[in-house]
Amino acid sequence: MIAGFWLGCDSVSDIVFILDVVVQLRTGYLEQGLMVYDSKKLACHYLRSRAFLLDIASLCPLDLLQFKFGAQPLLRCPRFFK
């Protein structure tokens, strides 16, 4: 029962992180003092950023390894990259 609750909480946090990546793909930035709104440029800028790499690292489903190895809090550490 308790394990199912925590698995549900993990799933909700994964969904929130994925939605954050989608929002970041559309977040404007300044280029030579002008705000960039072009969707293609926004996506390319984010995908090449360090923030994207950290976001992907935080989304790695390492917590699924807990089914094999049992409760291991260290498997949840990549979420702190966010």
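All figures in this text were calculated on a predicted structure; none of them were measured in a lab. (Residues numbered from 1 in each chain as written. Predicted model: local features only at pLDDT ≥ 70, side-chain atom pairs only at ≥ 80, totals over all residues. Heavy atoms only, no water.)

## What to know about the overall build of the protein chain
- Along the protein chain, the regular secondary structure elements total 4 helices and 2 strands.
- When the helices and strands of the protein chain are read in sequence order from the N terminus, they spell out α-β-β-α-α-α.
- For the protein chain, the spread of C-alpha atoms along the principal axes amounts to about 50 × 20 × 15 Å.
- The buried share of the protein chain, reckoned over its 82 residues, is 18%.
- Across the protein chain, every contact between residues at least 6 apart in sequence was considered, and the portion connecting residues at least 24 apart equals 41%.
- As presented, the protein chain carries roughly 6,400 Å² of accessible surface, and 71% of it is formed by carbon and sulfur atoms.
- Each charge class in the protein chain can be summarised by its mean position, and for the 9 positive and 7 negative side chains these summaries are 4 Å apart. (Helix = DSSP H or I, 4+ residues; strand = E, 2+ residues; numbered from the N terminus. Buried < 20%, exposed > 50% of the residue type's maximum accessible area, 1.4 Å probe, protein only. Contact = heavy atoms within 4.5 Å. Areas by Shrake-Rupley, 256 points an atom, 1.4 Å probe, with all protein chains shown as cover. Lys, Arg positive; Asp, Glu negative; His and termini not counted. Charge placed at Lys NZ, Arg CZ, Asp CG, Glu CD.)

## Considering the environment of L74
- By the secondary structure assignment, L74 is in the segment after α4 (66-69).
- Residue L74 is classed as exposed on the basis of its relative accessible area, which comes to 69%.
- In this structure, the C-alpha to C-alpha distance between L74 and L62, residues 12 residues apart in sequence, is 9.3 Å.

## Brief notes about the pattern of salt bridges
- All told, the structure shown has 1 salt bridge when counted by the stated rule.
- One salt bridge in this structure joins E31 and K41, with 3.4 Å as the shortest N-O distance. In this pair, E31 is assigned in strand β1 (residues 29-31) and K41 in helix α2 (residues 39-47), connecting sequence segments 10 residues apart.
- The class for K41 is partly exposed, based on a relative accessible area of 41%. (Salt bridge = Lys/Arg side-chain N within 4 Å of Asp/Glu carboxyl O.)

## Some remarks on unusual backbone geometry
- Even without glycine at this site, Q32 takes up a positive phi of about 55°.
- Within the fold, Q32 resides in the loop between β1 and β2 (34-36).
- Note on Q32: relative accessible area 80%, which makes it exposed.

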